[in-house]
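Architecture at a glance
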Amino acid sequence: MECATVCKLCSPILSSPRSAVVGKRKQQLSNHTKFKFCYSKFKIQALHSAQTHLSSEVAAEKSQSSTDFAIGELVWPSPSDEIPFWKKDFPSWGVNPEVPVDIKKDSDPMHIIHITAEMAPIAKVGGLGDVVTGLARACLSRGHTVDIMLPFYECIQKQQIKDLELVTTYNSYHDGNWIQTNAYHGVVSGISVILIEPSNQFFKGQTVYGGSFNELEVYLFFSRASLEWMQVTGAQPDIIHVHEWQTGALPLLYWDMYHNLSLKKPRLVLTIHNMEHYGECTKEQLSKSGLDGLIYATIEKAVDDRTIGHNPERLSLLKGGIVYSNAVVTVSPTYLKETLCTGWLASTLIRNRDKYFGILNGIDTAMWNPATDIFLPAKFNAQNPEGKKLCKYYVQRGLGLASEGIPDGKHVLDMTHKVPLVVCITRLVPQKGLHLISHAIKRAEELGAQMVILGKTSDGRVEREFEGLAKLHNQGPSIRILLMFSEELSHLLYAAADIVLVPSMYEPCGLAQMIGMRYGAVCTIK
Ligand code: ADP
């Protein structure tokens with residue numbers, strides 16, 4: 001598990017002397033985490049220093065940070081507002097932080113195309129979306145040409161994308177048919193994005209995952225359609241960077257199909273963000289992509305080792321991706337060690353050890369910056385932390401966790417500020433320590449703290465459990481449980497938090513604690 005500041009779940013931090021907490025905060029706010037990632041002649045290496053644009057960013061923060069807020073001018077939110085306070089002003093896609101330009105450029109500029117199921121903020125479910133966008137922006141700022149290819153999910157709203165236009169209509173193969181497919185181009189958070197939209201029912205639905213189609217098959221289609229688009233348009237990137245099991249079949253399709261056609265130049269990088277999902281599929285399912293599934297059912301290729309001797313044996317797209325990529329990266333050096341020692345993929349990773357790298361994730365410090373964050377009613381930074389107090393009170397007011405007395409300068413602010421506010425922003429899945437979250441709710445109440453949970457689940461049982469907790473607590477004075485995804489509210493909550501709770505059972509890297517520290521909160525990790 002990777003983190004700098006750790007204290008035990010529900011430890012006496014709730015009653016820590018305030019001065020100690022504030023001291024830690026100042027240190028954390030200036031503790032920028034940078035992407036340390038560099039593609040070099042198809043070799044990945046960690047960069048050892050995080051020099052990049054820190055100095056200019058700090059200068060920009062100083063000039064932009066407005067801590068001379070006029071309390072009287074703020075319109076204080078209330079739980080009875082018709083429009084919830086986090087939806088009022090700026091939708092997340094309205095934010096378009098500039099890609100920093102004054103960064104030292106790499107000497108070997110490349111063309112990199114990411115192929116991914118998620119991208120923040122337009123198609124974000126968890127950290128995968130954040131990392132893809134942040135990594136693309138970091139590479140762009142260092143002089144590389146970067147595109148992101150993404151399914152055009154029905155839930156992505158067109159106004160979320162700048163300069164959106166249809167650029168190519170072509171056919172891509174799936175299960176014996178050539179499906180007419182549109183490729184759109186646009187710009188999101190400063191990055192060029194290509195959105196793949198098949199004319200069938202794939203990617204329809206109101207959420208990124210969990211539509212009424214076979215998830216495995218749609219991502220097999222997407223993997224092939226992305227390569228087909230490069231073939232049709234003549235794109236020859238240096239690097240095709242795929243992510244997770246969803247695009248694990250792409251390296252197979254590349255080497256055994258498209259490389260024999262016109263795609264010669266690209267080399268393949270796979271990033272594994274979380275080894276929880278292996279992309280299990282049958283030979284028949286893989287054959288729907290146009291490959292012969294039977295060929296891959298060997299230990300050296302893509303057979304799921306756990307199913308050897310079963311009838312039928314199954315394949316793993318993630319394993320296939322590991323075997324067929326030129327380089328495989330995971331999201332921290334510690335997770336690399338863990339995955340070499342445990343789990344059924346360990347033997348595959350050991351066999352491929354010479355091309356397997358652990359590179360610590362970071363957050364995009366321009367997109368997550370309390371000194372400039374447009375979702376916040378007051379900005380703050382390590383030098384001027386006062387705005388954080390206001391953000392906390394703003395959130396407390398909006399969620400009905402503070403009295404509605406007018407904060408005429410000091411009194412009410414000081415009163416509510418004394419109550420520690422614990423925040424937990426997470427996908428509600430077992431990995432994230434669901435039982436510890438429910439336990440923490442009780443402990444927070446007992447210790448006189450406040451706690452806000454912002455969580456989303458697609459599991460009906462978990463949904464019902466947390467709905468039950470919400471019913472029990474949401475009318476009371478200290479706990480709020482909000483079962484939804486909201487990028488806007490997540491920014492406000494990090495800014496308001498004294499403590500960010502990350503009770504994960506395991507965490508390949510984890511961004512929530514990095515964001516929490518960036519926004520001046522203490523992070524508690526199991
Ligand atoms: P994981 O990748 O396992 O989901 P991380 O901690 O690496 O976990 O990243 C989670 C990211 O998703 C963070 O940016 C977090 O703020 C965001 N997030 C998780 N759940 C929600 C939610 N319900 N609403 C808004 N943002 C969320």
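Check the entry above for the structure.
All values reported here derive from a predicted model rather than from experimental measurement. (Residues numbered from 1 in each chain as written. Predicted model: local features only at pLDDT ≥ 70, side-chain atom pairs only at ≥ 80, totals over all residues. Heavy atoms only, no water.)

Digging into the overall build of the chain
When its secondary structure is counted, the chain shows 15 helices and 18 strands. Relative to its 526 residues, the chain shows a buried fraction of 59%. Looking at the chain alone, contacts between residues at least 24 apart form 74% of all its contacts between residues at least 6 apart. Of the roughly 21,200 Å² of accessible surface on the chain, 54% is carried by carbon and sulfur atoms. (Helix = DSSP H or I, 4+ residues; strand = E, 2+ residues; numbered from the N terminus. Buried < 20%, exposed > 50% of the residue type's maximum accessible area, 1.4 Å probe, protein only. Contact = heavy atoms within 4.5 Å. Areas by Shrake-Rupley, 256 points an atom, 1.4 Å probe, with all protein chains shown as cover.)

Things to note about the environment of Ser403
Mapped onto the fold, Ser403 is located in the loop between α10 (386-398) and α11 (411-417). The class of Ser403 is partly exposed, set by a relative accessible area of 47%. Once the C-alpha coordinates of Ser403 and Pro477 are considered, the two residues, 74 residues apart in sequence, prove to be 9.7 Å apart.

Thoughts on the pairing of strand β5 (residues 162-174)
Note that β5 and strand β6 (residues 177-188) share 10 bridges and pair antiparallel. Along β6, the bridge assignment pairs Asn171 with Gln180. Counted between consecutive antiparallel strands, the loop separating β5 from β6 contains 2 residues, among which Asp175 sits at a positive phi close to 50°. (Pairing = 2+ DSSP bridges.)

What about the nonpolar core?
Formed by 131 residues in total, the largest nonpolar core has its most connected members in Tyr153 and Leu286. With 10 residues, helix α4 (residues 215-233) is the single largest residue contributor to this core. If sequence neighbours within four positions are ignored, Leu286 has contacts with Leu220, Ala249, Leu252, Cys281, Leu291, Gly293, Tyr296, Leu315 and Leu317. Core analysis: the second largest hydrophobic core is formed by 19 residues, Leu428, Leu434, Ile453 and Ala470 among them. (Core = buried A, V, L, I, M, F, W, Y, C linked by side-chain atoms within 4.5 Å.)

Focus on helix α13 (residues 460-473)
Here α13 contains 14 residues, and its C-alpha end-to-end distance of 20 Å stays within 8% of the 20 Å for a straight helix at 1.5 Å per residue. All of the buried residues along α13 are Val462, Phe466, Leu469, Ala470 and His473. Buried residues along α13 cover an arc of 100° about the axis, so they all sit on one side. The exposed residues of α13 that point more than 90 degrees off its buried face are Arg461, Arg464, Lys471 and Leu472. Those residues of α13 that are buried lie in contact with α12 (434-446) and β16 (479-483). In this structure Asp459 caps α13, since a side-chain oxygen of it lies 2.8 Å from the backbone nitrogen of Arg461. (Expected span 1.5 Å × (residues − 1). Arc of directions from axis to C-beta. Polar contact = N/O pair within 3.5 Å; in protein donor to acceptor, adjacent residues only side chain to side chain.)

Examining helix α3 (residues 127-141)
Here α3 spans 21 Å end to end across 15 residues, near enough to the 21 Å set by a 1.5 Å rise per residue. Of all the 15 residues making up α3, 13 are buried; the element is thus mostly covered by neighbouring parts of the structure. One or two positions beyond α3, positive phi appears at Gly143, with a value near 95°.

Considering the sheet that holds strand β18 (residues 522-525)
Within the open sheet, the 5 strands sit side by side as β16-β15-β14-β17-β18. Their pairing is parallel. This sheet does not close on itself; its edge strands, each paired only once, are β16 and β18. Looking at each pair of strands side by side, their axes are set apart by 20° on average, direction ignored. In the packing of helix α14 (residues 487-496) onto the sheet, the strands contacted are β14 (421-427), β15 (450-456), β16 and β17 (499-502), and the crossing angle to β14 comes to about 145°. (Axes fitted to C-alpha atoms, helices over the stretch in contact; angles between N-to-C directions.)

Points about the site of the ligand
The environment of the ligand is made up of 22 residues, and the closest members are Gly127, Asp130, Arg427, Lys432 and Tyr494. Here an oxygen atom of the ligand and a backbone polar atom of Gly127 are 2.7 Å apart. Tyr494 is positioned such that a nitrogen or oxygen atom in its side chain is 2.7 Å from an oxygen atom of the ligand. Burial of the ligand by the surrounding chains reaches 93%, relative to a free accessible area of 560 Å². Mapped by element, the contributors of at least two residues to the shell around the ligand are α3, β14, β15, α14 and α15 (512-518). Among the residues forming the shell around the ligand, the class breakdown is 9 nonpolar, 7 polar and 6 charged. (Near = heavy atom within 4 Å. Nonpolar A, V, L, I, M, F, W, Y, C, P; charged D, E, K, R; others polar.)

Examining the packing of aromatic side chains
According to the stated counting rule, one finds 19 aromatic pairs in the structure shown. Aromatic side chains Phe85 and Trp86 sit 5.1 Å apart centroid to centroid with 85° between the ring planes, which places their arrangement in the edge-to-face category. When its relative accessible area of 5% is taken as the criterion, Phe85 is described as buried. Judged by its relative accessible area of 12%, Trp86 is buried. (Phe/Tyr/Trp six-rings, centres within 6.5 Å; stacked < 30°, edge-to-face > 60°.)

Brief notes about the side chain of Asp238
The topology assignment puts Asp238 in the loop between α4 and β8 (239-243). Looking at Asp238, the relative accessible area reads 15%, which means it is buried. Separated by 2.7 Å, the side chain of Asp238 and the backbone nitrogen of His111 make a polar contact.

Re the packing of α12 against α13
Contact geometry of α12 with α13 gives a least axis separation of 12 Å together with a crossing angle of 5°. By the angle class used here, α12 and α13 are roughly parallel. Of the residues in α13, those touching α12 at Leu434, Ile437, Ser438, Ile441 and Glu445 are Val462, Glu465, Phe466, Leu469 and His473. The class makeup of the residues in the contact of α12 with α13 is 6 nonpolar, 2 polar and 2 charged. (Parallel < 35°, antiparallel > 145°, perpendicular 65-115°, else oblique.)

Regarding the environment of Asn171
Mapped onto the elements of the fold, Asn171 is located in strand β5. The class for Asn171 is partly exposed, based on a relative accessible area of 39%. Among residues more than four places away in sequence, those in contact with Asn171 are Trp178, Ile179, Gln180 and Glu228.

What to know about the sheet that holds β5
In spatial order, the strands read β5-β6-β7-β4-β3-β8-β9-β12-β13; together these 9 strands make up an open sheet with mixed pairing. A single partner strand is all that each edge strand has here, and the edge strands are β5 and β13 (356-358). Averaged over neighbouring strand pairs, the angle between their axes works out to 25° when direction is ignored. Examined bridge by bridge, strand β9 (residues 267-272) and strand β12 (residues 327-330) share 4 bridges and lie parallel to one another. Looking at the pairing, Thr271 lines up with Val329 of β12. The strands touched by α3 are β3 (111-115), β4 (145-151), β7 (191-198) and β8; relative to β4, the strand with the most contacts, the crossing angle is about 160°.

Focus: the packing of α10 against α14
Between α10 and α14, the shortest axis-to-axis distance is 7 Å and the interhelical angle comes to 125°. When the axis of α10 is compared with that of α14, the two are oblique. The two elements α10 and α14 cross, and the hand of that crossing is left-handed. Residues Lys388, Cys391, Lys392, Tyr394 and Val395 of α10 pack against Leu492, Leu493, Tyr494, Ala495 and Ala496 of α14. Classifying every residue of the contact of α10 with α14 by side-chain character gives 8 nonpolar, no polar and 2 charged. (Left-handed = near helix turned anticlockwise from the far one by under 90°.)

Spatial relationships are all this shows, so hold off on functional conclusions.
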